[in-house]
Structures are given as C-alpha cells and as structure tokens.
Amino acid sequence: MLPPLDLHAHIDAGIEARELRSLGAVVFAVTRSLDEAEQALERSDETTIWGVGCHPGLVRAQKSFDSGRFRELVGRTPYAGELGLDGASRVSLEIQQFTLARALSVLQQSPRITSLHSYMATNQLLDVIAECPQPGLILHWWLGTDSETDRALDLGCYFSVNASSVRRRDLLAQIPLDRVLPETDHPFGDKGRGPRRPGEIARVETALARVHNLSTETIRKCTWRTLGDIVNATHTHRLLPSPVRRLIEFG
Ligand SMILES: [Zn+2]
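Residues numbered from 1 in each chain as written. Predicted model: local features only at pLDDT ≥ 70, side-chain atom pairs only at ≥ 80, totals over all residues.

Colleague: What am I meant to see in the sheet that holds strand E2 (residues 26-30) here?
Modeller: Hydrogen bonds between backbone atoms are what pair the strands of a sheet, whose relative direction is either parallel or antiparallel. Spatially, the 3 strands line up as an open sheet ordered E1-E2-E3, and their pairing is parallel. Both edges of this open sheet fall to strand E1 (5-10) and strand E3 (48-50), since each of them pairs with a single strand only. Taking the axes of each pair of neighbouring strands and ignoring which way they run, one obtains an average angle of 25 degrees across the sheet. Of the pairings in the sheet, the one linking E2 to E3 comprises 3 bridges and is parallel in character. Among the inter-strand pairings, Phe-28 is bridged to a residue of E3, identified as Ile-49. (Pairing = 2+ DSSP bridges. Helix = DSSP H or I, 4+ residues; strand = E, 2+ residues; numbered from the N terminus. Axes fitted to C-alpha atoms, helices over the stretch in contact; angles between N-to-C directions.)

Colleague: Is there a simple way to explain the sheet that holds strand E8 (residues 180-182) in this structure?
Modeller: Judged by pairing direction, the sheet is parallel, and its 5 strands sit side by side in the order E4-E5-E6-E7-E8 without closing on themselves. Lying at the two open borders of the sheet, with one neighbouring strand each, are strand E4 (79-84) and E8. Taking the axes of each pair of neighbouring strands and ignoring which way they run, one obtains an average angle of 30 degrees across the sheet. Sheet topology note: the strand E5 (residues 113-117)/strand E6 (residues 137-140) ladder contains 3 bridges and is parallel. Counted as the bridge partner of Leu-116 is Leu-139 from E6.

Structure follows, in structure tokens:
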C-alpha cells in the first residue's frame, strides 16, 4: 500500500527524525527563506523532502534573496517551495515579482517539483509563469477564478489542495484528476475538524474520491502516478530519497 502524500507542509527544520518517520507519510516540507533551507538541507530524512523557498510574505527573506545561493541550494534537492506572490504581503509586489522571476529562471535551467503561493495575486502569478514556462509547477491553495484556473491548466500547472480548499467542489471538478495532488499546508490548511499533522490528507482524498466517483484507494494511486509524472518531467529521480524513489517506481 502506498503511503499518503503531502505536497506542502510547514515543519520546523529542527524536528526529531523519528517524529517524521512516525507520520507514516511522504511529506514535502517547504522552507520560507534560504537560511531556513540551508539548515533543512543538512538533514537526510527518508520520507521527508525538504524544499528551498523564499516566502513572499517575509521581508527579510525577500530582501536577502540571492540567485547564486538559491541555485546552489536547488542543486541539493528535488523540491522548491515555497515561492510565489502574496497580495496581502508587506513586501511590495515589485520586489516579490523580481524575486520570483529570478527563482523561476534558475528553475527553468534545473526544473524542480515546485510549490507556488498565490494568495490575492493569482493572475499576477500566472503572468510571471507565462514569462518563464517550465515543468513541475504546483499551485498550492489556489483561489483563482474559473478562467484563471483554465489559464493555469493551459500553462501546464498542477494544483495541491488541502482540507480547506476541497470545500470548493467546483474547483475540484474543474481540475483533471491527473493534475491534482494532496497537501495539508500544516499548520494553516488543516484547521477545523479532525487530526492536524503533516501527511494527514484523508479529508482531501475523501473529497477527491467523491468528486471523481472513485475509491480513496484509487485516488491514492492516481496521486502517486501524478507525482511520478512530475518527477519524470523535471528529471528529479536522482535527488529523491531512495525509499521515495522506490515508491514512485512501485506506484
Ligand atoms: Zn505554505
């Protein structure tokens, strides 16, 4: 049986390795600054994949972003996140767009499984992507309009949905099953009823199963196949921990 997949969670990079193992899930953990990424990438966890990120809401992370350092860190992981734009941020949109464009141009050379934030800036995010197209882009907690969602699909984007975003059944119905992946966005996207921890994506799988009229087992298999598609398109096999690589081959 394939374990649950979580494409976007916030985890303290100082966490005990056994706590991560006890999650029983494969978790992609974002970082919010290059400093945090540096610390996280010192780790070698078997089922947690640490990303390189620069959160659009963090003034210091945005101001200190350095392309060369980002490129060096990206060389050590298959995952980038989180990056993106945030219309509610104290950082000006110009600075955010400049940072994102530089990050995406590095990733265009070295594609990665990439988790993108777009709160209150969905169309602006798509504009930046259109300037720098590449495989492996996953829009996390997407709140775009129907026509923006169509545009994102045309640009080849994937979507990661959490227990909060699955309440938008129209959105789930609009995204083809082979473009959707589960996330918790722990500890932000898994508020409300039920257990809250990275990798706890049962509510997401149940919602997807209902919309597509499939079993949750089938949904689990589909999401692993989708991850496999992204890994193939971005050529990131060799950068994954070997247990995860085996699960992708198995799935
Ligand atoms: Zn996040």
